[in-house]
Amino acid sequence: MSDAPVTVDLSKYIDRHFFEERPHVRDRRVSVATIAYSARENNWNSAEVAENYGLSEEQVLAALLYYHEHAAEIDAQEAEYAAVPVEDWVKYGEDALLLRRNDAPRRGE
């Protein structure tokens, strides 16, 4: 028996192509972070998350597994989103994060 980790293909349920490459439920605008954080903060089980977001339990379980496997990356993305002032989101919409990244000092400057 091999000690290699098992990799599960979650692409049937999770997509990263849109929303600034932010992982979300495929064909829905619900981010993996939203699902994971809601489950944790509200102490919801997968059925409760599914009911509250209009998702299937399979979609929720896939999102929770995806979060578990990519927590550090997702938490860093969410921190970056949270750092953008609300005024910038209102003024620039989805471009607010991109503009913030472009304004960030670059290494060596």
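Shown above is the structure to which this text applies.
Structural notes, computed from the coordinates.

Quick notes on the rules
- Residues numbered from 1 in each chain as written.
- Predicted model: local features only at pLDDT ≥ 70, side-chain atom pairs only at ≥ 80, totals over all residues.
- Heavy atoms only, no water.
- Helix = DSSP H or I, 4+ residues; strand = E, 2+ residues; numbered from the N terminus.
- Buried < 20%, exposed > 50% of the residue type's maximum accessible area, 1.4 Å probe, protein only.
- Contact = heavy atoms within 4.5 Å.
- Axes fitted to C-alpha atoms, helices over the stretch in contact; angles between N-to-C directions.
- Parallel < 35°, antiparallel > 145°, perpendicular 65-115°, else oblique.
- Nonpolar A, V, L, I, M, F, W, Y, C, P; charged D, E, K, R; others polar.
- Core = buried A, V, L, I, M, F, W, Y, C linked by side-chain atoms within 4.5 Å.
- Salt bridge = Lys/Arg side-chain N within 4 Å of Asp/Glu carboxyl O.

**Here's the deal with the overall build of the chain**
Then step 1. Scanning the chain from terminus to terminus reveals 6 helices and 2 strands.
Then step 2. For the chain, the sequential pattern of α-helices and β-strands runs β-β-α-α-α-α-α-α.
Then step 3. Per-residue burial over the chain gives 30% buried out of 109 residues.
Then step 4. Considering only contacts within the chain whose residues lie at least 6 apart along the sequence, 46% involve residues at least 24 apart.

**Structural notes on the environment of valine 8**
Then step 1. Locating valine 8 in the fold gives a position in the segment before strand 1 (14-15).
Then step 2. Taking the C-alpha atoms as reference points, valine 8 and tyrosine 66, separated by 58 residues in sequence, lie 9.2 Å from one another.

**Some points on the packing of helix 3 (residues 57-69) against helix 4 (residues 71-82)**
Then step 1. One way to put it is that helix 3 packs onto helix 4 with a least axis distance of 5 Å and a crossing angle of 95°. Here helix 4 runs roughly perpendicular to helix 3, going by the angle between their axes. Contacts between helix 3 and helix 4 involve Tyr66, Tyr67, His68 and Glu69 on the former and, on the latter, Ala71, Ile74 and Asp75.
Then step 2. Looking at the contact of helix 3 with helix 4, its residues break down into 4 nonpolar, 1 polar and 2 charged.

**Structural notes on the nonpolar core**
Then step 1. Membership of the largest hydrophobic core comes to 19 residues, with the highest contact counts inside it found for Ile14, Val32 and Ile35.
Then step 2. Residue assignment for this core shows that the elements contributing at least two residues are helix 1 (32-42), helix 2 (46-53) and helix 3.
Then step 3. The leading source of residues in this core is helix 1, at 6 residues.
Then step 4. When near neighbours in sequence (up to four residues on either side) are disregarded, isoleucine 14 contacts Pro23, His24, Val25, Arg26, Val32, Ala62, Ala63 and Tyr66.

**Focus: the pattern of salt bridges**
Close approach of charged atoms allows side chains with opposite charge to pair.
Then step 1. Across all of its chains, the model carries 3 salt bridges by this definition.
Then step 2. The shortest N-O distance in the salt bridge between arginine 16 and glutamate 73 comes to 2.8 Å. Highlighted residues: arginine 16 in the loop between strand 1 and strand 2 (24-25) and glutamate 73 in helix 4, separated in sequence by 57 residues.
Then step 3. With a relative accessible area of 22%, arginine 16 lands in the partly exposed category.
Then step 4. Of the charged contacts, one joins glutamate 78 and arginine 22 as a salt bridge, the two residues approaching to 2.7 Å between their closest N and O atoms. With glutamate 78 in helix 4 and arginine 22 in the loop between strand 1 and strand 2, this residue pair connects regions lying 56 residues apart in the sequence. The pair formed by glutamate 78 and arginine 22 is uniform in burial state, with each residue classed as buried.

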